[in-house]
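# Structural features, examined
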Amino acid sequence: MSSKTLYDKIWDSHLVNQREDGTTLIYIDRHLIHEVTSPQAFEGLRIAGRVPWRSDANLAVPDHNIPTTTSERRRGLSGIKDPVSKIQVKALEDNCKDNNILSLEMNDIRQGIVHVMGPEQGATLPGMTIVCGDSHTSTHGALGALAHGIGTSEVEHVLATQCLMQRKMKNMLVRVDGVLNKGVTAKDVVLAVIGEIGTAGGTGYTIEFGGDVIQQLSIEGRMTVCNMAIEAGARAGLIAVDEKTLDYVKGRPFAPKNELWDRAAEVWKELVSDPDAIFDRTVVINGAQIEPQVTWGTSPEMVSPVTGAIPDPGSESDPTKRGNFEEALEYMGLEAGTRIENIRLDCVFIGSCTNSRIEDLREAARVVENKKVAENIEIAMVVPGSGLVKKQAEEEGLDKIFINAGIQWREPGCSMCLAMNADQLGEGKHCASTSNRNFEGRQGFGGRTHLVSPAMAAAAAIHGRFVDIRNII
Amino acid sequence: MRKFLVEEGLVMPLDRANVDTDFIIPKQFLKSIKRSGFGVNLFDEHRYLDKGKPDADNSNRPVNTSFVLNQPRYKGCRILLARKNFGCGSSREHAPWALDDYGFRVILAPSFADIFFNNCFKNGLLPIVLDENIIEDLFHQVESRSGYSLNVDLEKQLISKPDGELIHFEVDEFRKNCLINGLDDIGLTLDSREEIKSFEDSWKISSPWYFSTETKR
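Below is a short write-up of the structure. (Residues numbered from 1 in each chain as written. Chains lettered and ligands numbered in written order. Predicted model: local features only at pLDDT ≥ 70, side-chain atom pairs only at ≥ 80, totals over all residues.)

### Examining the interface of chain A and chain B
- In this assembly, 61 residues from chain A lie in contact with 54 residues from chain B.
- In terms of residue count, the dominant contributor to the side of chain A that touches chain B is helix α6 (residues 152-161) of chain A (6 residues). (Contact = placed C-beta atoms within 7 Å. Helix = DSSP H or I, 4+ residues; strand = E, 2+ residues; numbered from the N terminus.)

Laid out in structure tokens, this is it:
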């Protein structure tokens, strides 16, 4: 038998049929649903007189659109001030009820950002195929699952058929060797990878992340890395299963128990690429050379070490790229040559499916403990990834640390990562954000996003500008 | 799904790489539970000078006259000429819905983001990948001549230029067939119902742990 990559193994085990031209039907084990990309799919199903193929493979949760203030949340659906958002959240509840799909409602303690909730509940299991109408579904690859985002037509397709029609992607290995320096985190690793291969570098590929650095990362850190595979153009990111993966999954509500667990764990241990498996492309990065990263532009590939400066568009030979650089700098209100550490900030956002898990919050809290947010920071907020993350953080007293520092402590949701709810970055304001996209207007009309790790965001809150976290921890 | 056979139309150039789906349709419009009506908010943050609101009247909003979509010469355009990595970012299908609702039928670019590319085919839109040099030439030609139109024949996989030159393009055979015949993917997949069932039955035996429905608090 020929050698296989981890992606090959999961793909092959889910193959229902394949046409001569390579179009393949892949069986989907888990379908995660949220309120924004599903209503039209349920409507399509209804119009065609179809029903879900397997209701229990689906799990829904509202996250994108919901308020994060305690006063609004306390009153449930009726507390959502925005009438359009309310209709969408209500539509999710109704659609799930009508189709016998489990939906964790807004004030359920298990509610959270779909990509935080899935792994936390054990709804994400190694070796699964997982899809969701959200590009950051790549997150779940951290547990050795083949997971990627789909559009609404495919949401409807999966609901109706439990399958996706696909073509196999190519295999890419991103190997991060060595050991990370103190203060350098999973977020810095993935930003450095995107800086290296570009936002289209992974297009057409599934990226497996490997190497010593990836093995050393916690499962939550691995989720941060896989989460941003899509920002490198790859629909799916993957990491091999190891003892950490099994330890993480064991005992979670949806995970198998007892004898079934033992059997599953045996099978899951095989979810690694064969030693002589062939990748279509391999990228090697030296972990020791990765510095804390900060994005300065309007694409995640416009990234620099915190010790660096904003590059000069004039030095770019490709005219389209030069034009994009210039447009980005104009939008960001920044000039070439400005030191990253001299970028003045107005806002700090700690949250999103990239960085809102308990370890992220601990990392940020450690930096702000017994300190105060700088005067020029107008808003700083922490939005935990789920009700359970929030509870855990409160048990550890992290909420008090944030509040004492002058940082708002919110209810779980996607919040200012994409600003669909009231949490919006003001026009022209600079935000140090632990989210995943620095696109124009992403965090609010005219808002200027700088992507960083939780520790870097926390340090930025205290200093009012970017500082090298390695110098203060 | 609407059939796609031949499309002829005015070309609008969008000279910008890495156009993301937030650029194509900003998030506030994603609150709709409908599939239609997104065209008036296509490229909203660049097309208008103020911040758009869902369900608002757009007719009195200040327009950014320098944005290409607002230039009179591109009124009625049906073909979008774009740069690399078009449609990156969020998986929102609202992006192809907005392009379609506005009237675009074809997008030409040197490369597309995977999810967006896939979403286009589900909505009767044809994204065509062309060599970077061909795209570059098209940008020059479109910008230097008002009323520049192209004819796109999917069956023949040919684009005809006003000067008579023909450009061949590649398209996945299966997707081509679906577009030409307006086939519904779900209906096609359900033709394999028995195969799906038999896969599922054996999968349930070999990997029962994926079929657990534990949901207790």
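### Quick word on unusual backbone geometry
- Even without glycine at this site, A419 of chain A takes up a positive phi of about 55°.
- Taking the C-beta count within 10 Å as the criterion, A419 of chain A has 24 such neighbours and is therefore assigned buried.
- For F43 of chain B, which is not a glycine, the phi torsion comes out positive at approximately 55°.
- You can see F43 of chain B is positioned in the loop between α1 (21-24) and α2 (44-47). (Buried ≥ 20, exposed ≤ 12 C-beta atoms within 10 Å, placed from the backbone.)

### A closer look at the sheet that holds strand β17 (residues 408-409) of chain A
- The strand order β17-β16-β15-β18-β19 (chain A) describes an open sheet built from 5 strands, whose pairing is parallel. Edge positions in the open sheet fall to β17 and β19 (448-451) of chain A, since each of these has one partner strand only. (Pairing = 2+ DSSP bridges.)

### With respect to the sheet that holds strand β3 (residues 30-33) of chain A
Residues and elements named next belong to chain A.
- Spatially, 5 strands are ordered β5-β4-β3-β6-β7 in an open sheet, and the strand pairing comes out parallel. Since the sheet does not close on itself, it has two edges, and those belong to β5 (102-103) and β7 (146-149), each with one partner.
- Note that β3 and strand β6 (residues 129-132) share 3 bridges and pair parallel. Each residue of the ladder has a partner; that of L32, found in β6, is C132.

### Topic: helix α14 (residues 387-395) of chain A
Residues and elements named next belong to chain A.
- Those residues of α14 not exposed but buried are G387, V389, K390 and A393. The buried side chains of α14 occupy one side of the element, clustering within an arc of 160° when seen end-on.
- The secondary structure elements touched by the buried residues of α14 are α5 (114-121), α13 (358-368) and α15 (398-405).
- Following α14 by one or two positions, G397 has its phi on the positive side, about 80°. (Arc of directions from axis to C-beta.)

### Focus: the packing of helix α2 (residues 39-47) of chain A against α6 of chain A
All names here are of chain A.
- One can describe the packing of α2 onto α6 by two numbers: an axis separation of 8 Å at closest approach and a directional angle of 50°. Here α6 runs oblique to α2, going by the angle between their axes. Classified by chirality, the crossing of α6 by α2 is right-handed. Here Q40, A41, G44 and L45 of α2 lie close against α6, whose contacting residues are T152, V155, E156, L159 and A160. (Axes fitted to C-alpha atoms, helices over the stretch in contact; angles between N-to-C directions. Parallel < 35°, antiparallel > 145°, perpendicular 65-115°, else oblique. Left-handed = near helix turned anticlockwise from the far one by under 90°.)

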